[in-house]
Amino acid sequence: MYWEPDKECMDREELEQLQLERFQSTLNRVYAHVPFYRKKFDALGIAPEEIGSLSDLARLPFTTKEDVRGNYPYGLFAVPLREVVRIHASSGTTETSSVVGYTRNDIAMWSKLVARVLVAGGVTKDDVVQVSFRYGLFTGGFGLHYGAERLGASVIPASSGNTVRQIQIMKDFKTTALVSTPSYAMLVADTIREMGIPVSALSLKYGLFGGEPWSEKMRQEIQDALGIVATDNYGLSEVIGPGVSGECIERNGLHINEDHFLVEVIDPKTLQPVPPGRTGELVITTLTKEAFPMVRYRTRDLTSLHAGDCPCGRTGRRMSRLAGRTDEMLIIRGMKVSPSKIESLLFEIEGKEPNYRIVIDRKGAMDEVTVLVDANGEPSFGEERRHVGKTVETIRKRLTHELGVAVDVKLVESKTLETADGKPRRVIDHRKL
Amino acid sequence: MLRIKNVESGYGRLKVLKKVSMHIGTGEIVTIIGANGAGKTSLLRTVSGLIPARSGEILFDAKEIGKMPPEKIVFLGCSLVPEGRQLFAPMTVKENILLGAYPQYRQKRGDRVRDDLERVYGLFPRLRERERQLAGTLSGGEQQMLAIARALMARPKLIMMDEPSMGLAPLVIRDIFTIVTRLREEGNTVLLVEQNAKAALAIADRGYVLETGRIIMEGTAEDLLSNREVQRAYLGRDLDSEGTM
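Remember, it's a predicted structure, so these values are computed and weren't measured experimentally. (Residues numbered from 1 in each chain as written. Chains lettered and ligands numbered in written order. Predicted model: local features only at pLDDT ≥ 70, side-chain atom pairs only at ≥ 80, totals over all residues.)

## Some details on the overall build of chain B
Right, so step 1: Per the secondary structure count, chain B includes 11 helices and 10 strands.
Right, so step 2: Taken over the C-alpha trace, chain B has a radius of gyration of 18 Å; the compact-globule value for 245 residues is 18 Å, and the two agree within 12%.
Right, so step 3: For chain B, the spread of C-alpha atoms along the principal axes amounts to about 60 × 45 × 35 Å.
Right, so step 4: In chain B, which comprises 245 residues, the share counted as buried stands at 47%.
Right, so step 5: Sequence separation of 24 or more characterises 65% of the internal contacts of chain B that already satisfy a separation of 6 or more. (Helix = DSSP H or I, 4+ residues; strand = E, 2+ residues; numbered from the N terminus. Rg over C-alpha atoms; globule rule 2.2 N^0.38 Å. Buried ≥ 20, exposed ≤ 12 C-beta atoms within 10 Å, placed from the backbone. Contact = placed C-beta atoms within 7 Å.)

Here you go:
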């Protein structure tokens, strides 16, 4: 089953012609409308009209998360704001998030791409799709929602949280497809078990999961526990949100929507392309976006590219499931959290270089983050304890608020944070991904 | 059917087209919209071989035609209905139509011409009624029909039309565009260059927006119609006055 067979199963040569046309028109537009790109191209002495082939992509400058932040909030928009009908932002605090916009056409295109991913994952218009991604600035909820509606499925905008109620809905509304992060699916599986509901009482058939890396072992557990076919899908807000790529039910790599995105995999150190099949950093250029076009965005996600000879018949290249990140970003419940952000917040609160450790656990299915902070001889007993409790609460609130992810904070004695080699260990990730 | 990559062309020292890439699939109606002077006519003239492509490739049915003389391109099945019709005013309607059959005669297929003429008259009954009239005495709409009829006599696979609606009354424009859709139904592929973007996008499958010799947008007709920039620049919508009290 395909959503747009003429595009998903396109002949390679035809696809490359279309990509070139769209690539050139995108460059003409960003050069004319986005000063950031014009300056960068000018500095390198590249005029859009010199670009005559897809391989010329390598001559263009990269765009990084820092570039997006540096142009906060609207600096990279290629259309006036009045043409923008939707604004989303990536995780992070206000100044550190990427603000992205969509025109009416962008929303229509996005919906189509998500519909493709859903169809590839087994969903049809006869399905009841429960979208348990968080709705809001985050692109996950709305992205999947619009795609599922476009497909014609019955969409339940359940959003995240309140798992017991969600399971009740799943049972009563006869949900056939669950759309969420894989860790949320694990939580659903655990909760069903705790509630004593047999899987046979549910109507689930398919699960489409994304927003965080997850292992084959985790897939197996989810599939067994919920009795579903679980597929992985990928996207990021700087590029569009969900809809960049998704697995078909063969589950052997994510089909990239190559008529809308040019993908490269580079060595994050040398910045040179790696041979097909080798792991490197994924770099994406958008081909059809109007409001927020992106040229060579460094995703920091590690993957590899494979030729499109999939039994399902789709001809686009596939990317392997994510093999991690090039930066130190932690992915907590689908949100990107930077340890250095935590450090700088602690520095702000304490007014001096903090001594700390971030510990991540997966309790059942949920990620739990605990920040251990050096008590610096603060008394841990007696009259003064109230004050200490207040300090902990201040740090906890501030971190939770700024990171957008609930964290637990504990004050510990210095020696707890000591390590055998004297080098601080700032992050301990106990999760088995 | 037609695949163009990085085509550049112009007149003298003036470069009009800058790395233009586009394509048309068999059976499609594709339109190129753009303001006056954007390079739309130059693009059609380049594909027809009337002005040489300085660089890039033009593949018609997988054959490179970039360096071919115009008549060979017509022989291959790619015909142009030029801007301003370019009829021979002192000749009759029928004579003008038969001029279009020149490639058939050249290729010793003169026996087909009678059938082709019947087919064309079937499409344009008005031309049959006036076959003895001088082309110069026809109305604007009839002249446009005559120009299309003449092009069809070469049995083109791809028919390129340059501003067929120019100078015509709205009702006549509708007739002409109905004919374009009919041509497609009969298996033709159409490349339509128009300033009347609204009418063109209404019948096209896809379109390209050409701006100062560069393609700045490619999309389905539906996408282009709902693109605000296209609406403002080419569809004459005054967005500033919309939604205000």
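## Quick notes on the sheet that holds strand β19 (residues 407-412) of chain A
All names here are of chain A.
Right, so step 1: Spatially, the 4 strands line up as an open sheet ordered β19-β18-β17-β20, and their pairing is mixed. Edge positions in the sheet fall to β19 and β20 (427-429), since each of these pairs with one other strand and no more. Neighbour-to-neighbour, the strand axes of this sheet turn through a mean angle of 20°, independent of strand direction.
Right, so step 2: Pairing of strand β18 (residues 366-374) with β19, which is carried by 6 bridges, proceeds in the parallel orientation. Note on β19: the bridge partner recorded for Val371 is Val409.
Right, so step 3: Taken strand by strand, helix α10 (residues 339-350) contacts β17 (356-363), β18 and β20, and its axis lies near 130° from that of β17. (Pairing = 2+ DSSP bridges. Axes fitted to C-alpha atoms, helices over the stretch in contact; angles between N-to-C directions.)

## A few points about the interface of chain A and chain B
By convention, interface size is frequently given as the accessible area that disappears when the constituent parts associate.
Right, so step 1: Counting residues at the interface gives 16 residues for chain A, matched by 18 residues for chain B.
Right, so step 2: Elements supplying a minimum of two residues to the side of chain A that touches chain B: α2 (12-33) and α5 (104-120) of chain A.
Right, so step 3: Take the side of chain A that touches chain B: its biggest share by element is 8 residues, from α2(A).
Right, so step 4: Taken together, the residues of the side of chain A that touches chain B sort by class into 2 nonpolar, 7 polar and 7 charged. (Nonpolar A, V, L, I, M, F, W, Y, C, P; charged D, E, K, R; others polar.)

## Overview of the packing of helix α8 (residues 182-195) of chain A against helix α9 (residues 216-226) of chain A
Each pair of packed helices can be summarised by the angle the axes make with each other and by the distance between the axes.
Residue and element names in this part refer to chain A.
Right, so step 1: Where α8 contacts α9, the two axes come as close as 10 Å, and the packing angle between them is 40°. As judged from the angle between their axes, α8 and α9 are oblique. Like other packed secondary-structure pairs, α8 and α9 cross with a definite hand, here left-handed. Residues Pro182, Ala185, Met186 and Ala189 of α8 pack against Met218, Glu221, Ile222, Ala225 and Leu226 of α9.
Right, so step 2: Of the residues assigned to the contact of α8 with α9, the class counts are 8 nonpolar, no polar and 1 charged. (Parallel < 35°, antiparallel > 145°, perpendicular 65-115°, else oblique. Left-handed = near helix turned anticlockwise from the far one by under 90°.)

## Things to note about the nonpolar core
Right, so step 1: One finds Leu118(A), Val129(A), Val131(A), Ala185(A) and Ile284(A) to be the most contacted residues of the largest nonpolar core, which totals 88 residues.
Right, so step 2: Of all the elements, α5(A) adds the most residues to this core, at 9 residues.
Right, so step 3: Val30(B), Cys78(B), Leu138(B) and Met161(B) belong to the second-largest nonpolar core, a separate cluster that totals 69 residues. (Core = buried A, V, L, I, M, F, W, Y, C linked by C-beta atoms within 7 Å.)

## Brief notes about the pairing of strand β2 (residues 99-103) of chain A
Residue and element names in this part refer to chain A.
Right, so step 1: For β2, a buried count of 5 out of 5 residues is recorded, marking the element as mostly surrounded by other parts of the structure.
Right, so step 2: Two strands pair when backbone bridges link them, and strand β1 (residues 84-89) and β2 are joined in this way by 5 bridges, in the antiparallel orientation. Bridge pairing links His88 to Val100 in β2.

## Some remarks on the domain arrangement of chain B
Residue and element names in this part refer to chain B.
Right, so step 1: Per the domain assignment, the segments making up chain B are domain 1 (2-77 + 157-241) and domain 2 (91-155).
Right, so step 2: Here the C-alpha centre of domain 2 lies 24 Å away from the C-alpha centre of domain 1.
Right, so step 3: Each partner contributes residues to the interface: domain 1 has 11 residues there, and domain 2 has 9 residues.
Right, so step 4: Those elements giving two or more residues to the side of domain 1 that touches domain 2 turn out to be α2 (70-76) and α8 (170-185). (Domains from an automatic or database assignment.)

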